[in-house]
Amino acid sequence: IPVILVPPDYTSNTCSQCHYMHDANRLTQAWFKCQECGFCWGADDNSAINIRFLGAESTCRKRTVWMQEYLHTDRRKPLRLRIG
């Protein structure tokens, strides 16, 4: 089974839905709530979705993809994500 190394930077405080990153998104150790779109989920589950996304993007692009390529730390409209 091939192993894809995914950089974990910013995966815990970035929204898996709109990719808005802010330290305030992490309400507690257990809960995540996006300050931009309002998405609320378990913090570990949200991070896992981000890591899965980075793994899929890294596979498609045949290179390591970092979360910083998708971060929106200001209030701009999120990037349209490539699906498929």
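The structure under discussion appears in the preceding block.
Report follows, based on the coordinates. These figures come from a predicted structure and were not determined experimentally. (Residues numbered from 1 in each chain as written. Predicted model: local features only at pLDDT ≥ 70, side-chain atom pairs only at ≥ 80, totals over all residues. Heavy atoms only, no water.)

As a further point, take the packing of aromatic side chains. For any two aromatic rings, the description comes down to two numbers: the centre-to-centre distance and the angle of the planes. Tallied over the full model, the rule gives two aromatic pairs. Ring plane angle 15° and centroid distance 6.1 Å describe the contact between Phe 39 and Trp 41, whose orientation is recorded as stacked. Its relative accessible area of 19% is what places Phe 39 among the buried residues. Exposure remark for Trp 41: the relative accessible area of 42% places this residue in the partly exposed category. Between the aromatic rings of Phe 53 and Tyr 70, the centroid separation amounts to 4.9 Å while the plane-to-plane angle is 80°, which identifies the pairing as edge-to-face. With Phe 53 in helix H1 (residues 43–61) and Tyr 70 in the segment after H1, the pair connects residues that are 17 residues apart, well separated along the chain. Taken individually, Phe 53 and Tyr 70 each receive the classification buried, so the pair is uniform in this respect. (Phe/Tyr/Trp six-rings, centres within 6.5 Å; stacked < 30°, edge-to-face > 60°. Buried < 20%, exposed > 50% of the residue type's maximum accessible area, 1.4 Å probe, protein only. Helix = DSSP H or I, 4+ residues; strand = E, 2+ residues; numbered from the N terminus.)

Next up on the list: unusual backbone geometry. Although it is not a glycine, Tyr 10 sits at a positive phi angle of roughly 70°. Secondary-structure assignment places Tyr 10 in the segment before strand E1 (31–33). For His 19, which is not a glycine, the phi torsion comes out positive at approximately 60°. For His 19, a relative accessible area of 3% translates into the label buried.

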